[in-house]
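Take a look at the letters that make up each chain.
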Amino acid sequence: MRRSTQKYIPTTSNHIYSVKYSELDRILTIKFANFAEYQYLNVPLGTYEAMMQSRSIGCYFWDSVRGEFPYRKLKANEDIPKKDSIIKKINPELAKLDT
């Protein structure tokens, strides 16, 4: 059975906002907290599964993906709000901490 995520899967990482993976193409797409988006090519399914099951997705990415696979940067969507602004809209009490 092929495992592909057509939609981004949100993460709890402070640095990685969401992830999607295509087993057929072996492409791991990562959207970072600053909404920069990269595709990592020829990523084995086992690497994707290990990252998603790891204790820290960000640490796993830095140790086992970044620098290990060819990548390409996708065009950033400047209209997408930053993760911090989304959190502040959800919880206005956090906005008060910045004042």
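Refer to the preceding data block for the structure.
Residues numbered from 1 in each chain as written. Predicted model: local features only at pLDDT ≥ 70, side-chain atom pairs only at ≥ 80, totals over all residues. Heavy atoms only, no water.

Visitor: Is there a simple way to explain the packing of helix H1 (residues 45–53) against helix H2 (residues 57–65) in this structure?
Guide: Any two packed helices are characterised by the angle at which their axes cross and by the distance between the axes. H2 packs onto H1 with a crossing angle of 150 degrees between their chain directions and a minimal axis gap of 8 Å. As judged from the angle between their axes, H1 and H2 are roughly antiparallel. Contacts between H1 and H2 involve Thr47, Ala50, Met51 and Met52 from the first element and Ile57, Tyr60, Phe61 and Val65 from the second. Looking at side-chain class alone, the contact of H1 with H2 contains 7 nonpolar, 1 polar and no charged residues. (Axes fitted to C-alpha atoms, helices over the stretch in contact; angles between N-to-C directions. Helix = DSSP H or I, 4+ residues; strand = E, 2+ residues; numbered from the N terminus. Parallel < 35°, antiparallel > 145°, perpendicular 65-115°, else oblique. Contact = heavy atoms within 4.5 Å. Nonpolar A, V, L, I, M, F, W, Y, C, P; charged D, E, K, R; others polar.)

Visitor: Before we go on, may I ask you to explain the nonpolar core in this structure?
Guide: Nonpolar side chains in soluble globular proteins generally cluster together in the buried interior. By size, the foremost hydrophobic cluster in this structure holds 16 residues, and its most contacted members are Leu28, Ile30, Tyr40, Met51, Phe61 and Val65. Setting aside its immediate chain neighbours within four residues, isoleucine 30 contacts Ile16, Ser18, Val19, Ala36, Glu37, Tyr38, Tyr40, Met51 and Phe61. (Core = buried A, V, L, I, M, F, W, Y, C linked by side-chain atoms within 4.5 Å. Buried < 20%, exposed > 50% of the residue type's maximum accessible area, 1.4 Å probe, protein only.)

Visitor: Help me understand the packing of aromatic side chains, please; the structure alone is not making it clear to me.
Guide: What describes a pair of aromatic rings is the distance from one ring centre to the other and the angle between the planes of the rings. In this structure the tally under the stated criterion is 9 aromatic pairs. Relative to phenylalanine 35, the ring of tyrosine 17 has its centre 4.8 Å away and its plane inclined at 50 degrees; by these criteria the two rings are tilted. Taken together, the residues tyrosine 17 in strand S2 (residues 16–22) and phenylalanine 35 in the loop between strand S3 (27–32) and strand S4 (37–41) connect sequence positions 18 residues apart. Tyrosine 17 sits in the partly exposed class, given a relative accessible area of 26%. Relative to tryptophan 62, the ring of phenylalanine 61 lies with its centre 6.0 Å away and its plane at 80 degrees, an arrangement referred to as edge-to-face. Taking relative accessible area as the criterion, phenylalanine 61 reaches 1% and is therefore assigned buried. Three or more aromatic residues joined by ring pairs form one cluster here, namely Phe32, Tyr38, Tyr40, Phe61, Trp62 and Tyr71. When the ring centre of tyrosine 8 is taken as reference, the NZ or CZ atom of lysine 31 above it lies at 4.4 Å. (Phe/Tyr/Trp six-rings, centres within 6.5 Å; stacked < 30°, edge-to-face > 60°. Lys NZ or Arg CZ within 6 Å of the ring centre and 35° of its normal.)

Visitor: Could you clarify how one ought to interpret H1 in this entry?
Guide: Residues three or four positions apart in an α-helix share a direction because the helix packs 3.6 residues into each turn. For H1, the full list of buried residues reads Leu45, Thr47, Tyr48 and Met51. Taken around the axis of H1, the buried residues stretch over an arc of 165 degrees, which confines them to a single face. Buried positions along H1 lie against strand S1 (9–10), S2, S3 and H2. (Arc of directions from axis to C-beta.)

Visitor: Looking at this model, I keep getting lost on the side chain of threonine 47. Mind explaining?
Guide: Note that threonine 47 resides in helix H1. With relative accessibility at 14%, the residue threonine 47 sits in the buried group. Discounting residues that sit within four places of it in the chain, threonine 47 has contacts with Tyr60, Val65 and Phe69.

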